[in-house]
Amino acid sequence: MSAGVLGSLEAGHTSSLRLRVNGEWYELSLDNRVALLDVLREGLGLTGSKKGCDHGQCGACTVLVDGRRVNSCLLLAVALDGARVTTVEGLGEGDGLHPVQEAFLDRDAFQCGYCTPGQICSTVGVLEEAAQGYPSAATDPDHPAGEPVPLTGDEIRERLSGNLCRCGAYPNIVDAVRDLS
Amino acid sequence: MTDTTSELGTGVPRREGRDKVTGAARYAAEFAPPGRLYAWPVPAIVAAGSVRSVDAAAALALPGVVDVLTARNTAPRAPADDPTLNVLQDDDVPHRGWFVALVVAETLEAARAGAQAVRVHYDTRPHDVTLTRDHRERYVPEEANGGHPAVRERGDAPGAFDAAPIRVDAAYDVPPLHNHPMEPHAATASWEDGHLTVHDSSQGSTAVRAALAQIFGLAEDRITVTSAHVGGGFGSKGTPRPHVVLAALAARHTGRPVTLALPRRDLPAAVGHRAPTLHRVRLGADPDGILLSVEHTALTHTSRIKEFVEQAAVPARVMYGSPHSSTVHEVVPLDVASPSWMRAPGEAPGMYALESAMDELAERTGLDPVELRVLNDPADEPDSGRPFSSRHLVECLREGARRFGWEERDPRPGVRRDGPRLTGTGVAAATYPVLVSPCRATATALPGGDYLVRVNATDIGTGARTVLGQIAADALGAPGDRVRVEIGDSDLPPAPLAGGSSGTASWGWAVHEACATLAGRLAGDPELPPEGLTAEADTAEAVEAGSPYARHAFGAHFAEVSVDTDTGEVRVVRAYGHFAAGRILNARTARSQFLGGMVMGIGMALTEQSTLDPAFGGFAERDLAAYHVPVSADIPAPPAIEAGWLDEADPHLNPVGGKGIGEIGIVGMAAAVGNAAHHATGVRFRSLPLTPDKVRAALAGVV
Ligand code: FES
Ligand code: FES
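Before going into details, it helps to say that this report is about the structure given with it. Since the structure is predicted, the reported quantities are computational estimates derived from the model, not experimental observations. Sequence order as written defines residue numbering, which begins from 1 separately in each chain. Whichever chain is written first is A, and whichever ligand is written first is 1; the rest continue in order. With pLDDT at 70 or above as the cut-off, local features in this predicted model cover only qualifying residues; side-chain atom pairs require 80 or more to be listed or tallied, and sums for whole chains, interfaces and linings still use all residues. No hydrogens and no water enter the side-chain calculation; it runs on all heavy atoms of the structure.

**Some thoughts on the pairing of strand β21 (residues 451-454) of chain B**
Residue and element names in this part refer to chain B. By the bridge criterion, 4 bridges tie strand β20 (residues 440-445) to β21 in an arrangement that is antiparallel. Looking at the pairing, Thr-442 lines up with Arg-454 of β21. Here, a strand pair is defined by DSSP locating no fewer than two bridges between the strands. Numbering of helices and strands runs from the N terminus, with a helix taken as a DSSP run of H or I at least four residues long and a strand as a DSSP run of E at least two residues long. Examined bridge by bridge, β21 and strand β22 (residues 483-486) share 4 bridges and lie parallel to one another. In the sheet register, Tyr-451 faces β22, and the bridge partner there is Val-483.

Written as structure tokens, this is what we have:
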């Protein structure tokens, strides 16, 4: 990665690692303090992932790491050697949109768009978690373990509550996710 | 020109939607000119005082730190009209969180570490951040925000109140609130050959350019400010903010481009807040519920450097008829950050108080809360005596009641119990003024059949590009996909900000005029020159001519809540808003905005509050873990939440016929929720937000 991210640090303050981002491998030499979000935004120019709080409190930075949704502002990049990262830029195939992106467009599930990449990545994660039968606080305790969890309105609201939207697009986001499930 | 059916009013999808769902839309901090540096601010950690010295040695010794800017080592600038922009100009610390230094570094990590390493020594002075009803520095200002007179009196309101057979006298509190748009305020600035280019997260870059010109002593044509995509603002980006001054200053100081994205924790003190308001409302009525006297006094705070008075008593001048009325604003200057606009300044807290009091009056008179409002609906604006250009509050109440299912309501409070939970429903009215500002725009017919519309509008999430394209296509009689729209750049024809629910009316008016003029010139199918044929519009004269009418949007909010009597938790289980806001120009984006306002209103009712720390100054809630923006689980899923509107044709507005929709969605929501909580429990709550601690304490021993 660029010297901009590396800065002029002494040895011992940097680490080398490999990351696979949106299908492409990168050999990186990074300041040990760098969060994954800043690697993406500042190092790789993938500014689709947003920084809303930098503290794991808003979900704007949500990406998929090895298929699971994470707050990328909370992950130190040096701990991710070999990881597969998917950002909003890597969801669609070529020029085509991912079904979640289509659903958000269809339902006008955003206004300013700043939380949107995080909401979309989070939704991709939610669909997979529900399909694999991961329960949430809204899941019926008697739901058979490991069986796919139907994504009701309550399930969607609960599972997407880590992604803040100050524009208040929640009703449309819930409808978008319902369309997908 | 092709003849088409107009798309105006239909739900045309957002033009930039694809960019937003793919991550291609770029926001202010996401521009990376070569050699760009990162800045990180150092906020004051004393409640009031002055900077004695700044020790930057440790910061400068860190790898990657380029410089530490202070008031002492930066070239002088001219003072700005807005004192909140005079950062690093002198040693004064008017409040905790005021920026006292700025670290510039090669990387974000170095900038952050540098800011940590800067040692600032202060001289402190005694401070006071606590607003009380009997504060001795309280005074009545000349004006409240928006240029409203601070005091309006009609008849003898106190006398009429004393003589009234039915009286409500109640105090309501609204705490400080923060806008907290999801995109923190950010700017990327660069200087090249004496030209300053800034990508700013702003609701209006024409005004940002003017402020930078003043501060840096530059002609406006040497500054370009863009705001192509803005991650929300809700008023907090409505005026130029210190981050943009600091970014430009740092770029000039270092000779390299600089990005400053404010850390979330610095926003509460740096970019405005809704000031707390302590209300007293006194309503006098006859036994049939006809108002005899309306009094609303709103006490608020401001900072020591700027007088900003939340105009919370103003809606009482608009809402209900009464022979006697008194509306008064009072303010106390404190050692607090400067308050400013937050979605529906004045109306949101003011209508919480007034509409809660109306609910109390309904209870006192035994009238249905909808009927009480209908009974007191005035023919003309009570305060001014001017006729309304249109007023369909009654229709909103009636239609909203029908859609919400209000008629089945049992008026008795505290009787719908299911285990530990009590449920209830509430209603509140909403109003927001029709504002419009002068604007310029151009429309060009290009060879090949396309059109180009240019205006420095800003899309902060409203869908401005889309609706301006619809307005243009309508005026041109052209299909929308032949109309290109350029906005978000101060090199475009100057335009007012996206704020005060006035953006679409102001920009749309100019766009409509330019396109209508162009359409006239194209009537004979003239040969187009290679650069196209351009028509210009400037609405200054027409806008400044004003109107003999009182012009306001109205609405009605309905809510159903469930109150857990064990935990004190209040949940909104249903919400409906019905609005009369003139012509709705895009059904899809309008619905999203109405709902978004309602969501923020639910936050105001239940979760949002900032607290001033009396010992250390500043706001205690400085991040999104402490300041509770509503999350998805706080908001009912459709169809339990919905917004609707009536088709309101008002010929006294502007050529596009809209009243503005960005703010009215929040206005009545908090009162509707509070009134529903009373209906559920029989207990009156008069202090927002209705958090479990307060609710549980109030219910103890009652239910
Ligand atoms: S930026 Fe990562 S959670 Fe907010
Ligand atoms: S769309 Fe603006 S924050 Fe969600």
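Once you've had a look at it, read on.
**A look at the pattern of salt bridges**
Here a salt bridge means any side-chain nitrogen of Lys or Arg lying within 4 Å of a carboxyl oxygen belonging to Asp or Glu. Summed over all chains, the structure comprises 51 salt bridges over all chains. The salt bridge partner of Glu295(B) is Arg282(B), with a shortest N-O separation of 3.0 Å. Taken together, the residues span a long stretch of sequence, with Glu295(B) in strand β16 (residues 291-302) and Arg282(B) in strand β15 (residues 277-285) at a distance of 13 residues. Arg282(B) shares its class with Glu295(B); the two are buried. A salt bridge links Arg391(B) to Asp377(B), with the shortest nitrogen-to-oxygen separation between them at 2.7 Å. Remark: Asp377(B) occurs in the loop between α9 (369-375) and α10 (393-404) and Arg391(B) occurs in the loop between α9 and α10; sequence separation between them is 14 residues. The rule is simple: take the accessible area with a 1.4 Å probe, protein chains only, and divide by the maximum for that residue type; under 20% is buried, over 50% is exposed, in between is partly exposed. A relative accessible area of 11% places Arg391(B) in the buried class. Through salt bridges that share partners, Arg107(A), Asp175(A), Arg178(A) and Asp179(A) make up one connected network.

**So, the packing of helix α8 (residues 347-365) of chain B against helix α16 (residues 669-681) of chain B**
Residues and elements named next belong to chain B. One can describe the packing of α8 onto α16 by two numbers: an axis separation of 8 Å at closest approach and a directional angle of 35°. Pair α8 / α16 crosses with right-handed handedness. On α16, the residues touching Met-351, Tyr-352, Glu-355, Ser-356, Asp-359 and Glu-363 of α8 are Ala-670, Ala-671, Asn-675 and His-678. Think of it as three bins: nonpolar holds Ala, Val, Leu, Ile, Met, Phe, Trp, Tyr, Cys and Pro, charged holds Asp, Glu, Lys and Arg, and polar takes everything else, Gly as well. Its residues placed into classes, the contact of α8 with α16 shows 4 nonpolar, 3 polar and 3 charged. Axis lines are fitted through C-alpha atoms, for helices just across the contact stretch, and the angle between N-to-C directions can take any value from 0 to 180 degrees. Helix crossings fall into two classes, left-handed where the near helix is turned counterclockwise from the far one by less than a right angle and right-handed where it is turned clockwise. Working rule for contacts: check all heavy atoms of both residues, and any pair within 4.5 Å makes them a contact.

**Describing the interface of chain B and chain A**
Listed by partner, the interface residues are 64 residues for chain B and 54 residues for chain A. Buried area between chain B and chain A, both sides added, is near 4600 Å², and the carbon and sulfur share of it is 55%. N or O atoms closer than or at 3.5 Å make up a polar contact, with two conditions inside protein: a donor-capable atom paired with an acceptor-capable one, and, for residues adjacent in sequence, both atoms drawn from side chains. The interface formed by chain B and chain A holds 29 residue pairs in polar contact (both at pLDDT 80 or more) in total. Put simply, the parts of the chain that give the side of chain B that touches chain A at least two residues each are α1 (17-22), β1 (37-43), α3 (108-117) and α14 (587-606) of chain B. The greatest single-element share of the side of chain B that touches chain A, amounting to 9 residues, is contributed by α14(B). Of the residues assigned to the side of chain B that touches chain A, the class counts are 32 nonpolar, 16 polar and 16 charged. In short, buried area is how much 1.4 Å probe accessible area vanishes from two parts on joining, totalled over both.

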